[in-house]
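Now for the letters of each chain:
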Amino acid sequence: MKRFFALILCVALLAGCAGTSLPTDSAGEHVQQIQYDWMAGESPVSPERTGTYNNAIDQLQNGFEVTESGCYWMCEGILLYCDHGSDEVIRLCGRPDCQHQDYSCNAHFNAGRNICYYDGYLYVTRSSELLRLNLDGSERITVLKPVDLVQKGGIGCRSPHICNGVYSVGLFYLDENGVDQCDYYYTTLDSGLDTMEQMVPCGVAQTVGDKMTVMDHEDNKMYLWDPKTNETTFLSESTGRGYYGETENWYIQDGVIYRNVYAENKPEAMLDTGLEGGHALHCFHDCIVVSNYPTDEQWANFEKVTEQFLRFYNWEFEFLGEVKLDYPGALESYNPICGESHERIYLADSMDHVPRYYIEKADLGTENITIHKLNLPDDLERMLDEEGGVGILFGS
């Protein structure tokens, strides 16, 4: 597997020297898509997955990335990689002398959370630092320490997030009365990274082109944010997990999937699933997934669902089948979907959001939707099964 991964990287480097690039669409984005027989209808979701963010999946900040060759994700600060079409997961460390047993390993990022591709590199957040590295994990450098750029006497950071070429972070400081405060700042990766501009506190919900739909947690409303101008435009009230685009949003309520065009603000029922109880809507370019989700009453009582089904639909709202998640830990996460590619939907078995299983999209529309298990490095498998942490790996 390591030899195969090294070969892929060599081919990519040689292609770059020859002046070629990754496949692009007319907008110059890295678009991968497979045309499945079950696909139908008009999707509002972009096929672009590389460098983007979609709240249909759960990750700590933005800890899952898709490139042309495969998928990257974080596992307790360890950066992992899996080729498309493979079950074998490896550490992103190609050093032949490395035993992967301590913090010197190229794949280790203490407090690492985000992983994002941009302009030929991977970017990773490590606490308050922004790091850049090659696709094989080599030549890691620190490109930004936000506390050095903000003249407020920063004493810590909160929720670093990177997607779509934009890095944002909340910085704690003491006001004139000695009280902890937190303001949010951002910068773009092509701006030189020498300044950070204050932004409205918000959480990214969806990337839409070069803009983002964001949520202001203080008023529970959704806005469209343009990083180029740092201006926001009100879109709608938050309707829970779903799709929030530039002109419309999609959500599920009482088993009915709705589409709401912001300018009209008249939600239209698109599909009555007939399902009872709480559910969440996950919108991808090629399909819609409905998962079980706690009701408001269950949330108030800190209750999780008692069983988890994933139900699949295309964008003509035709039913493509369902699967019950019955692997160990399937009910531990409020949202088991922790990653998505043009071939797969990745699933977690705990709140750590680490992909452990997956569903092949080729199985949708058949009676054989199967849950497959990924093969992680043995020590990481043991750590996750024992619900341990990175200290177990390195003996600290």
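So, how was this worked out
Counting restarts for each chain: residues are numbered from 1 in the order of the written sequence. Two thresholds apply to this predicted model, a pLDDT of at least 70 for residue-level local features and 80 or more for giving and counting side-chain atom pairs, whereas whole-chain, interface and lining totals are computed over all residues. For the side-chain quantities, the full set of heavy atoms in the structure was used; hydrogens and water were omitted. Helix and strand definitions here come from DSSP, where helices need a minimum of 4 consecutive H or I residues and strands a minimum of 2 consecutive E residues; each element is numbered from the N-terminal end. Between buried and exposed lies partly exposed: a residue is buried under 20% and exposed over 50% of the maximum accessible area for its type, with that area taken using a 1.4 Å probe on protein chains only. Contacts: residue pairs with any heavy atoms within 4.5 Å of one another. Calculation of accessible area relied on Shrake-Rupley with a 1.4 Å probe; when residues are assessed, cover is drawn exclusively from the protein chains displayed. When DSSP finds at least two bridges between two strands, those strands are taken to pair. In this analysis an axis means a line fitted to C-alpha atoms, helices contributing only their contacting stretch, and an angle means the value between N-to-C directions, from 0 to 180 degrees. By definition here, a salt bridge exists when the distance from a side-chain nitrogen of Lys or Arg to a carboxyl oxygen of Asp or Glu is within 4 Å. In this description, a nonpolar core means a group of buried Ala, Val, Leu, Ile, Met, Phe, Trp, Tyr and Cys residues linked to one another through side-chain atoms lying within 4.5 Å.

Participant: Whenever I open this one, the overall build of the chain confuses me. Can you help?
Facilitator: Along the backbone of the chain there are 5 helices and 28 strands. Among the 396 residues that make up the chain, the fraction classed as buried is 52%. A separation of at least 24 residues holds for 44% of the contacts in the chain among residues at least 6 apart in sequence. Of the roughly 18400 Å² of accessible surface on the chain, 47% is carried by carbon and sulfur atoms.

Participant: Whenever I open this one, unusual backbone geometry confuses me. Can you help?
Facilitator: When glycine is set aside, most residues are seen to have a negative phi, and most peptide bonds are trans. For Glu-139, which is not glycine, the phi dihedral falls at a positive 55 degrees. Along the chain, the position of Glu-139 falls in the loop between strand S7 (129-133) and strand S8 (141-144). In this structure Glu-139 comes out as exposed when scored by relative accessible area, which is 63%. The backbone of Asn-220 sits at a positive phi, close to 60 degrees, despite the residue not being glycine. With respect to the element layout, Asn-220 can be found in the loop between strand S14 (211-216) and strand S15 (221-226). On the accessibility criterion, Asn-220 (36% relative accessible area) is partly exposed.

Participant: Even after reading the chapter, I still don't get the sheet that holds strand S21 (residues 279-283), so can you show me in this structure?
Facilitator: Strand order in the open sheet formed by 4 strands is S21-S22-S23-S24, and the pairing between neighbours is antiparallel. Only two strands of the sheet have a single partner each, and these edge strands are S21 and strand S24 (319-324). Each neighbouring strand pair of the sheet contributes to a mean axis angle of 20 degrees, computed without reference to strand direction. In the sheet, S21 pairs with strand S22 (residues 288-292) via 5 bridges, with the strands oriented antiparallel. Residue pairing for S22: Leu-281 is matched across the bridge by Val-290.

Participant: What is the right way to read the sheet that holds strand S1 (residues 64-66) from this model?
Facilitator: Paired through their backbone hydrogen bonds, the strands of a sheet run either parallel or antiparallel. Read from one edge of the open sheet, 4 strands run S1-S2-S3-S4, paired in antiparallel fashion. Only two strands of the sheet have a single neighbouring strand rather than two, namely S1 and strand S4 (90-91). Note: S1 against strand S2 (residues 70-75), 3 bridges, orientation antiparallel. Pairing of Val-66 across the sheet is with Cys-71, part of S2.

Participant: It is not clear to me how the pattern of salt bridges should be interpreted in this structure. Could you clarify?
Facilitator: Any two side chains of opposite charge can pair, so long as their charged atoms come close to each other. Tallied over the entire structure, the rule returns 20 salt bridges. A salt bridge links Arg-95 to Asp-97; its shortest N-O distance comes to 3.2 Å. On the basis of relative accessible area, Arg-95 is assigned to the partly exposed category, the value being 26%. Overall, the relative accessible area of 53% leaves Asp-97 in the exposed class. With a shortest N-O distance of 3.1 Å, Lys-228 and Asp-210 are connected by a salt bridge. Of this pair, Lys-228 sits in the loop between S15 and strand S16 (231-237) while Asp-210 sits in the loop between strand S13 (203-208) and S14, and the two are 18 residues apart along the sequence. The exposed category is assigned to Lys-228, whose relative accessible area is 68%. One salt-bridge network, in which partners are shared between bridges, spans Asp-349, Arg-356, Lys-373, Glu-381 and Asp-385.

Participant: Would you mind going over the nonpolar core with me for this structure?
Facilitator: Within soluble globular proteins, side chains that are nonpolar tend to cluster in buried spots. Judged by nonpolar contacts, the single largest core of 45 residues is most densely connected at Trp-73, Leu-310, Phe-312 and Leu-347. The residues contacting Leu-310, other than those within four sequence positions of it, are Val-289, Val-290, Ser-291, Gly-321, Glu-322, Val-323, Leu-325, Pro-336, Ile-337, Leu-347 and Ile-359.

Participant: Mind showing me how you'd approach the pairing of strand S6 (residues 121-126) here?
Facilitator: The side chains of a regular strand alternate between the sheet's two faces. As defined by bridge partners, strand S5 (residues 112-118) adjoins S6 across 5 bridges and the pair is classed as antiparallel. Paired with Gly-112 across the strands is Arg-126, a residue of S6. Between the end of S5 and the start of S6, which pair antiparallel, lie 2 residues, with Asp-119 showing a positive phi angle near 55 degrees. Examined bridge by bridge, S6 and S7 share 5 bridges and lie antiparallel to one another. When the sheet's bridge partners are listed, Arg-126 is paired in S7 with Glu-129. Hairpin connection between S6 and S7: a loop of 2 residues separates the two successive antiparallel strands, and Ser-127 in this loop has a positive phi of roughly 55 degrees.

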